[in-house]
Amino acid sequence: MSKRIRAGALTALVTAALAAGTVLTAPAAGAAPKTAAPKFLSASQLPPHPTSSWTAGPVTEGFPEALGFCVSTEGVPSYDYRHREFRTDLDTGAVQLTVVADTPALAKALAKHYDDLIRTCADRIEKADPDVAAEGRDYGKLPVEEGARVRGLHTETSWGANDISLMSVGRDGRTVTVVQWGQMGDFDDAPVAAFKKTTTTAVNKLY
């Protein structure tokens with residue numbers, strides 16, 4: 001997603017995100033057993049770019065700013081977030097987030113919460129910024145582990161900025177992963193089939 005749009009609307013969108021989901025209550029501290037850290041996508045597992053190769057950044061602690069446009073930490077417990085960002089030499093980028101919840105039930109609720117935020121993101125963008133027109137699309141569920149869903153988001157500003165994003169939420173047991181791909185363009189430029197493959201790989205690769 002282009003930073004030109006994010007800079008003008010991010011604060012209002014993060015605030016508005018509170019209205020899209022409910023607060024998820026965590027169990028008592030120490031309730032979750034220790035498990036191995038989930039694994040992340042590699043650069044070669046992103047949708048192929050026609051003219052530039054992908055570069056993967058390091059796996060980093062914390063919630064990625066790149067995801068904060070539609071998805072935020074508001075309304076959920078203070079989980080340990082980890083993420084990895086990817087880039088090409090052109091205006092295309094991606095990010096993967098992983099979150100390990102305390103129980104499978106909490107992870108299921110968290111995955112639904114994130115998917116609800118993505119599903120309602122276009123409406124919240126238009127309410128937050130009258131200079132941005134937004135449209136979301138549902139590309140359906142994927143039969144991987146406990147399931148995943150892929151959605152698309154197109155935004156166009158009054159000054160001509162045109163951006164397309166693909167986003168997915170998937171779950172394996174107690175672990176939720178969110179993947180986002182974005183570049184300048186519209187729905188015709190979105191590699192939906194390749195992104196579905198990336199999402200399937202991301203969920204399968206967690207453990």
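Further up the page is the structure itself.
Overview of the structure. All figures in this text were calculated on a predicted structure; none of them were measured in a lab. Residue positions within a chain follow its written sequence, with the count starting from 1. Local features in a predicted model are, by the rule used here, given only for residues with pLDDT of at least 70; side-chain atom pairs are given and counted only at 80 or more, and totals for whole chains, interfaces and linings are based on all residues. As a rule here, side-chain values come from all non-hydrogen atoms in the structure, and water together with hydrogens is ignored.

1. Remarks on the packing of aromatic side chains
Piece 1. Side-chain rings of Phe, Tyr and Trp (the six-membered ring for Trp) are treated as a pair once their centres are within 6.5 Å; stacked means planes under 30 degrees apart, edge-to-face means over 60, and tilted covers the remaining angles. Counted according to the given criterion, the structure contains one aromatic pair.
Piece 2. Seen from their ring centres, F63 and Y81 are 5.3 Å apart, and the 90° between their planes marks the pair as edge-to-face. With F63 in the loop between β2 (60-61) and β3 (81-87) and Y81 in strand β3, this pair connects stretches of sequence that are 18 residues apart.
Piece 3. Whether a residue is buried, partly exposed or exposed follows from its accessible area with a 1.4 Å probe, protein chains only, as a fraction of its type maximum: under 20%, in between, or over 50%, in that order. On the basis of relative accessible area, F63 is assigned to the partly exposed category, the value being 23%.
Piece 4. Note on geometry: a ring has a charge over it if NZ (lysine) or CZ (arginine) is within 6 Å of the ring centre and within 35 degrees of the ring normal. Lying over the aromatic face of F187, R137 brings its terminal NZ or CZ to 3.8 Å of the ring centre. Helix and strand assignments come from DSSP, with helices taken as H or I runs of at least 4 residues and strands as E runs of at least 2, each series counted from the N terminus.

2. Things to note about the state of the cysteines
Piece 1. Note on disulfides: each one is a pair of cysteine sulfur atoms within 2.5 Å. In total, this model carries one disulfide according to the counting rule given.
Piece 2. One disulfide bridge connects C70 with C121, the sulfur atoms lying 1.9 Å from each other. The sign of the S-S torsion, about -80°, decides the handedness of the disulfide formed by C70 and C121: left-handed. Taken together, the positions of C70 in the loop between β2 and β3 and C121 in helix α3 (residues 121-128) put the pair 51 residues apart, joining distant regions of the chain.
Piece 3. Residue classification places C121 among the buried positions, given a relative accessible area of 1%.

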